[in-house]
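# Residue-level structural notes
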Amino acid sequence: MDQDQLKKAAATAALDYIEDGMIVGVGTGSTVNHFIDGLAAMKGRIAGAISSSEASSRRLEALGIRLFDLNEIADLPIYVDGADEIDGGFCMIKGGGAALTREKIVAAVARRFVCICDASKLVECLGRFPLPVEVIPMARAQVERELARLGGSPKLRDGCVTDNGNLIIDVHGLQITDPRSLESEINQIVGVVTNGLFARRGADVLLLANADGVEQRVAPATEPSRLR
């Protein structure tokens with residue numbers, strides 16, 4: 001199977017986690033697009049969806065899936081999204097599609113986070129994929145200086161404005177051995193909205209597609225971020 005077929009296999013496997021009457025949290029990206037297409041076939045069985053980006057919202061609406069505002073609901077049973085990288089502890093780098101802030105908000109509300117990706121996204125140490133950081137525009141230069149002090153090489157993502165009206169700085173050259181601490185440290189920089197490390201709220205389930213099929217991995221129940 002080529003990479004797109006692997007993405008579709010992982011996305012299709014996630015449909016088994018969707019139960020009748022659910023409101024489904026939906027992420028962003030090429031793998032999630034396959035999930036959205038699959039979700040359309042069962043739209044009569046679910047209540048609707050919460051979307052993490054304008055792009056996903058448009059796709060969901062085009063397929064006739066009802067959209068909810070996150071502020072309208074008190075409970076979100078599941079969030080399905082991909083990852084740019086994920087490690088053995090289920091910490092992730094996300095934000096290649098510039099939707100990291102809304103993705104992080106939806107993930108924080110969800111009781112279960114199901115990550116769908118192909119096997120190329122599984123790494124021993126996060127950082128090969130540049131770490132996205134969403135930044136208030138007036139703080140760009142200051143944030144870049146602070147990120148450089150942390151040992152990275154920050155670069156403004158050309159032509160990118162997020163759904164929130166902000167900029168993305170991609171930080172190259174990091175070896176992220178303590179993702180939880182780094183996530184918090186970067187978020188403390190004034191002018192940062194959030195960064196693409198999903199470590200304090202990592203995935204609960206990983207559906208990893210490879211040539212032999214889709215492997216299901218479940219995070220240890222004792223992880224603090226999973227005690228929800």
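This text follows the structure it describes.
Summary of the structure given here. Note that the coordinates shown come from a computational prediction; the quantities given were computed from them, not determined experimentally.

## Focus: the sheet that holds strand β9 (residues 167-172)
- Read across the open sheet, the 4 strands follow the order β8-β9-β7-β10; overall the sheet is antiparallel. Both edges of this open sheet fall to β8 (153-156) and β10 (192-195), since each of them pairs with a single strand only. Adjacent strand axes in the sheet meet at a mean angle of 30°, parallel and antiparallel pairs treated alike.
- Those strands touched by helix α4 (residues 100-109) are β7 (131-135), β9 and β10, and its axis lies near 65° from that of β10.
- Against the sheet, helix α5 (residues 140-149) makes contact with β7, β8, β9 and β10, and its axis sits at roughly 15° relative to β9, the strand it touches most.

## Looking at the pairing of strand β6 (residues 113-118)
- The buried fraction of β6 amounts to 6 of the 6 residues, a majority that puts the element mostly inside the structure.
- Going residue by residue along β6, you find Phe113, Cys115 and Cys117 tucked away on one face and Val114, Ile116 and Asp118 tucked away on the opposite face as well.
- For strand β3 (residues 78-81) and β6, the ladder comprises 3 bridges, and the chain directions are parallel. Bridge assignment links Val80 to a residue of β6, and that residue is Val114.

## Describing the layout of surface pockets
- Within this model, the largest pocket holds a volume of roughly 250 Å³.
- Along the walls of the largest pocket sit 20 residues, with Thr28, Gly29, Ser30, Ala83 and Asp84 positioned nearest its centre.
- Every element with two or more residues in the lining of the largest pocket is listed here: α2 (30-40) and β6.
- Partitioned by chemical class, the residues of the lining of the largest pocket number 6 nonpolar, 8 polar and 6 charged.

## Looking at the packing of aromatic side chains
- Tallied over the entire structure, the rule returns 1 aromatic pair.
- Residue placement shows Lys94 over the ring face of Phe198; its charged tip is 5.5 Å from the ring centre.
- One cation-aromatic arrangement involves Lys104 over Phe198; the distance from NZ or CZ to the ring centre is 5.1 Å.

Calculation criteria
Residues numbered from 1 in each chain as written. Predicted model: local features only at pLDDT ≥ 70, side-chain atom pairs only at ≥ 80, totals over all residues. Heavy atoms only, no water. Pairing = 2+ DSSP bridges. Helix = DSSP H or I, 4+ residues; strand = E, 2+ residues; numbered from the N terminus. Axes fitted to C-alpha atoms, helices over the stretch in contact; angles between N-to-C directions. Contact = heavy atoms within 4.5 Å. Buried < 20%, exposed > 50% of the residue type's maximum accessible area, 1.4 Å probe, protein only. 1 Å grid on protein atoms, 1.4 Å probe; cavity = no way out; pocket = protein on both sides within 12 Å on 5 of 7 lines; lining within 4 Å. Points joined across faces, edges and corners; volume = space filled by probe spheres on them. Nonpolar A, V, L, I, M, F, W, Y, C, P; charged D, E, K, R; others polar. Phe/Tyr/Trp six-rings, centres within 6.5 Å; stacked < 30°, edge-to-face > 60°. Lys NZ or Arg CZ within 6 Å of the ring centre and 35° of its normal.

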